[in-house]
Amino acid sequence: MQQALLEVQNVTKVFPGIRALDDVHLSLRRGEVHALIGENGAGKSTLVKILTGVYIPTSGKMTLDGKEISFKNAIDAQQAGIVAIHQEASMFPELSVTENIFMGHHLRNPKTKKLDWKTMNEKTQGLLQRMQLDINPDSFVKNLSVAQRHMVEIVKALSLDADLVIMDEPTSALTGREVEDLFRIVRSLKEEGKAILFISHKFDEIFDICDYYTVFRDGQYIGEGKVAESNEDTLINMMIGRSIDQMYPHHEPKIGKKVLEVKHLSQLGAFKDISFDLHEGEILGLFGLVGAGRSEVVRTIFGIDKASEGTMHLLGKPFMPRGAIDSMRKGIALVPEDRQRQGLVLKMSLTHNISLPVLTNLCWKGMVTNKKTEMQYVQEHGDQMEIKSAGYHVEAETLSGGNQQKVVLAKWIGTNPKILILDEPTKGIDVATKAAVHEFVCDMADKGVAVILISSELPEILGMSDRIVVMHEGYQTAILDAEEATAESVMRYAIATVQMEASNA
Amino acid sequence: MPDLSFSSFVKKALARREAALTLLLVVILVPITIRSPQFLSAKNISTILNDMAILSIVAIGEFYVILSNGIDLSVGSIIAFTGMATGMINQANPTVSPILLMFAGMGIGMVMGLFNGVLVAYGKIPPIITTLGTVNIYRGLTFLLSGGTWVTAHEMSESYIAFPRNTFLGVSNLLWIALLVIAVFYYFSRYSRTGREVYAIGGNPTAAKFVGVNENRVRVVVFLISGTLCGLAGALWTARYASAVNEMATGFEMQAVAACVLGGVNFAGGSGGIIGVVLGTLFLGVVTNALPVIYLSVFWQTFVQGLIILIALTLNTMSDQRKTKKLLAQRRG
Ligand SMILES: Nc1ncnc2c1ncn2[C@@H]1O[C@H](COP(=O)(O)OP(=O)(O)OP(=O)(O)O)[C@@H](O)[C@H]1O
Ligand SMILES: [Mg+2]
């Protein structure tokens, strides 16, 4: 076999109270797409951060092209030829796309030594085109959607022209088409002889794009092999030490009375003329490509954003929440899509994060007098989500991405909602927990809760929903019965190749 | 697997600002006491504690504002206005009870804090700008109120001047009040819904909005607390120093901020605790008191305080460095 580009040997990383990596190995060759797989909290992102100089390993050795490496910061790593697209995108929201992409490695005019914005803009334009992205290089990052930001992060990594490109769950915020765009780029990088370390919880992606895999479990190295000589069950077994049933749970909808009626709901610049009904015990899927306006619709229903037109009725009564507090009182819960920005207060403990939406219930005259009740509440819902952490007292910041997502879920499921809105609830969580979340959502529906489910994963939408609302660029293009919906038909409405009026059921 | 080695235990303990500060206090006390054994006499300790009582009250108010990712620069001016007001009330009605004067100070301070809070929350003016304005407005009002004159010791009633000094169970009223304030707000920050909401707003206002926290209310409340506590401090100040002058408590905001920063309160909001603030106050008190002992004139006081703020900020940054590094790395890709 070809000589390895990157060789990680016996690397260990200890955090207070937790051994994130315990004597792990990884070797990576040029022209190879290498999948790093493992449960939430297995230590994948920790290794990425070690490889990019964010963390310094407690012990162990790493070599790149035969030379031993140790980085003090990300710039070091970049100069050595390693770049990463981190799991949690973090950019400068007040700067433009171009400015973000060239942050830290601005181009200068060779003669005048001044920053050469013209060339940088052109390069950005070129990179965006190469990825077939419809993003203006001058637009501010704060005005981009989560998915678009992710794409910009990817473009940024590509602009650096590194030997080793690390992608930590790059597809978690992308829909089908963008994933394909991304894969095209990954393949071309591979042909250029670069090495790609690819982290994902989605097996179809791993089997689609990866050549080789390494599995971690609980910070330990479990094994490696060729993807082509493996299968999903083997990998799952290596990951979690047992096999699981990945089928979507069977859900026999017991549709009750109408709880929510949305009529001609519009918001300037985001979505227009959205109308649907929602019933007790129903799971209503909301599908569309990135930027279709799904999150904006549910945020408006929840009262975070204001509607510019249209009406809503909750149990027959007119309803227009002026803030989350209004809708929460009426029994609506929203699990937002962006866990770091909208879902968590990263500096607060898990306990305080989870109890935050229900403080009113835990309080007596505005005081949390009974810590035991609070702890019980937190434990009950946290354990249900199988959060992996050093304890409920640690700050949310220290958790792995998937475990943070579980905290956001735990935080909302205890509110006993009548309407539960889930915006990308399984983003970044591992197969086992994902199955548990699906199970749980069906349980809620069986208990009579009305569920709105947004997901960018078509199989999840098809597998879970009773009815599917499809959106395209802010317009509602169809309401389909799950029975008759197929991946093709839903996708057709999502990219709106079908006449819109005809389908407005 | 938890790491149980001794060095990791020490690291963990030092990572907690409270423990680190306590240790630091002990460390600086040793040479001072060797130099001057009276430093740890009951009398001197009580002097230090009494000197620090007013600062601790004000620093707690400042703590809430900083925790919400704001800053209150107007504390010194609120103290001056309320101190002058209570002094003049006392001058006009010598029979009025000191307790009533405390409440008068709190009431006036509350209104001033409310004004700050409303400007910040509903006027959407950043706290630093708002209070940079009101620090001058309130100082100006103090001059207008007094007409530029002072209230001197013999114009005030005996009972008012004696109030902070009088003891109950061997402890001065001033110290009792500070202890009460500390206890109440310790409880408030840890167990009240509003307390938690201040942490949430300071830590991540967007996420707070998604759980229905009323941001405007929280912003008003923190300034209200700060104003009210400054009012109390003003009433105590005039009595303790037996005079009300227009320039009183000038620059006091620096000390309040210093106490918070020393106590490990995050300047960007969202983390910190009352115990840290109290220890920060104590630390400042010990250092200030120790200056004469090590033959440094009190004129060095502000210099030393500035130095301490810088060191504390550096410490805060260093303990945050891991996070900062992570952020930077992600930003640069
Ligand atoms: N800064 C930190 N402080 C303390 N513990 C940490 C820190 N960063 C990570 N951890 C812990 O290390 C473990 C591994 O985390 P890591 O982020 O590497 O997981 P992961 O494999 O990327 O998981 P996911 O699939 O959820 O993203 C977790 O248990 C996490 O709680
Ligand atoms: Mg991760």
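From a predicted model like this one, the values you see are computed outputs, not experimental measurements. The residue count restarts for each chain, going from 1 along the sequence in the order it is written. The order in which chains are written sets their letters, starting at A; the order in which ligands are written sets their numbers, starting at 1. Under the rules for a predicted model, residues below a pLDDT of 70 receive no local features and side-chain atom pairs below 80 are neither given nor counted, while totals for whole chains, interfaces and linings still include all residues. Note: side-chain values were computed over all heavy atoms of the structure, leaving out hydrogens and water.

Caption draft 1: Region of the structure containing the overall build of chain B. A tally of regular secondary structure across chain B gives 15 helices and 2 strands. Exposed residues in this analysis have more than 50% of their type's maximum accessible area, buried residues have under 20%, and partly exposed residues fall in between, with area computed by a 1.4 Å probe over protein chains only. When burial is assessed residue by residue, chain B has 53% of its 333 residues classed as buried. Throughout, a contact is declared for two residues whenever any of their heavy atoms are within 4.5 Å. Taking all contacts inside chain B whose residues are at least 6 apart in sequence as the whole, residues at least 24 apart take part in 78%. On chain B, roughly 14,700 Å² of surface is accessible, and the fraction owed to carbon and sulfur atoms is 71%. Put simply, DSSP H or I for four residues or longer makes a helix, DSSP E for two residues or longer makes a strand, and each gets a number counted from the N terminus. Areas reported here follow the Shrake-Rupley algorithm with a probe of radius 1.4 Å; residue values treat only the protein chains shown as occluding.

Caption draft 2: Broad picture of a negative patch on the surface. What makes a patch is a set of residues exposed beyond 30% relative accessible area and free of salt bridges, joined within 9 Å when like-charged and within 5 Å when nonpolar (Val, Leu, Ile, Met, Phe, Trp, Tyr). Only one rule defines a salt bridge in this text: a Lys or Arg side-chain nitrogen within 4 Å of an Asp or Glu carboxyl oxygen. For the charge count, each Lys or Arg is scored as positive and each Asp or Glu as negative, with His and the chain ends excluded. Taken as the charge location is NZ of Lys, CZ of Arg, CG of Asp or CD of Glu. Taken together, the side chains of Asp245(A), Glu439(A), Asp443(A) and Asp446(A) present a region of like negative charge at the surface. Position of Asp443(A) among the secondary structure elements: in helix H16 (residues 431–446).

Caption draft 3: A look at helix H5 (residues 98–121) of chain B. Residue and element names in this part refer to chain B. With 24 residues, H5 extends 34 Å between its outermost C-alpha atoms, agreeing within 8% with the 34 Å of an ideal straight helix rising 1.5 Å per residue. Of all the positions in H5, only Pro98, Leu101, Met102, Gly105, Gly109, Met112, Gly113, Asn116, Gly117, Val120 and Ala121 are classed as buried. In this structure, the buried side of H5 is in contact with helix H4 (75–92), helix H6 (127–146), helix H7 (158–162) and helix H11 (215–240). Pairs of N or O atoms are called polar contacts if they sit within 3.5 Å, as long as, within protein, a hydrogen donor faces a hydrogen acceptor (for residues adjacent in sequence, only side-chain-to-side-chain pairs). Sitting at the amino-terminal end of H5 is Ser97, which places a side-chain oxygen 3.1 Å from the backbone nitrogen of Ile99. By this rule the span expected of a helix is its residue count minus one, scaled by 1.5 Å.

Caption draft 4: Geometry of the site of ligand 1. Neighbouring ligand 1 are 22 residues; Gly41(A), Ser45(A), Thr46(A), Ser400(A) and Gly402(A) lie closest to it. Positioned at a junction of chains, ligand 1 has nearby residues supplied by chains A and B. Contact distances for ligand 1 include 2.8 Å between an oxygen atom and a side-chain N or O atom of His201(A). One nitrogen or oxygen atom from the main chain of Thr398(A) is found 3.0 Å from an oxygen atom belonging to ligand 1. In the complex, the protein chains occlude 95% of the 640 Å² of accessible area that ligand 1 would expose alone. Elements that contribute at least two residues to the shell around ligand 1 include exactly strand E2 (18–28), helix H1 (44–51) and helix H15 (401–413) of chain A. The nonpolar class holds Ala, Val, Leu, Ile, Met, Phe, Trp, Tyr, Cys and Pro. Asp, Glu, Lys and Arg form the charged class, and all remaining residues, Gly among them, are polar. Grouping the amino acids of the shell around ligand 1 by side-chain chemistry returns 6 nonpolar, 12 polar and 4 charged. Whether a residue is near a molecule or strand depends on its heavy atoms: it is near if one of them lies within 4 Å of it.

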